[in-house]
Amino acid sequence: MATIDIVKEVLSENLDIEGDKVTDDATFDSLGVDSLDMVELVCDLEEKCGIEFGEPEGIQTVGQLVAHIDSLK
């Protein structure tokens, strides 16, 4: 499964965000993801992707998060 699809799945399951709203250019602010949601998102993504990346800094868009995850695989 592609990383973007995993991110969409986690956002949909945890925050009820529709998958079609999750694009590379979508900011977490525009999706209504606050700092607490981001911590939960990171934890779930670490588990699903089998990686550990702590708290990513400077990541504001879905595309940036996907690129960061892919760089750790």
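Everything here concerns the structure above.
Computed from a prediction, not measured in an experiment: that's the story for all the values here.

### A short note on the overall build of the protein chain
Helix and strand counts for the protein chain stand at 3 helices and 0 strands. Along its sequence from the N terminus, the protein chain presents helices and strands in the succession α-α-α. Here the C-alpha radius of gyration of the protein chain, 11 Å, is about what a compact globule of 73 residues would show, namely 11 Å. In terms of principal-axis extent, the alpha carbons of the protein chain reach across some 25 × 25 × 20 Å. Taken across its 73 residues, the protein chain has 40% of its residues classed as buried. The contacts in the protein chain between residues at least 6 apart in sequence include a share of 55% that link residues at least 24 apart. When the accessible surface of the protein chain is totalled, it reaches about 4,400 Å², and 44% of it is carbon and sulfur. The centroid of the 4 positive side-chain charges in the protein chain is displaced by 7 Å from the centroid of its 19 negative side-chain charges.

### Things to note about helix α3 (residues 62-72)
Residues of α3 that are buried include every one of V62, G63, L65, V66 and I69, and no others. Take α3 and look down its axis: the buried residues cluster within an arc of 160 degrees, on one side only. Looking at the buried positions of α3, the neighbouring elements they touch are α1 (3-15) and α2 (35-49).

Criteria and cut-off values
Residues numbered from 1 in each chain as written. Predicted model: local features only at pLDDT ≥ 70, side-chain atom pairs only at ≥ 80, totals over all residues. Heavy atoms only, no water. Helix = DSSP H or I, 4+ residues; strand = E, 2+ residues; numbered from the N terminus. Rg over C-alpha atoms; globule rule 2.2 N^0.38 Å. Buried < 20%, exposed > 50% of the residue type's maximum accessible area, 1.4 Å probe, protein only. Contact = heavy atoms within 4.5 Å. Areas by Shrake-Rupley, 256 points an atom, 1.4 Å probe, with all protein chains shown as cover. Lys, Arg positive; Asp, Glu negative; His and termini not counted. Charge placed at Lys NZ, Arg CZ, Asp CG, Glu CD. Arc of directions from axis to C-beta.

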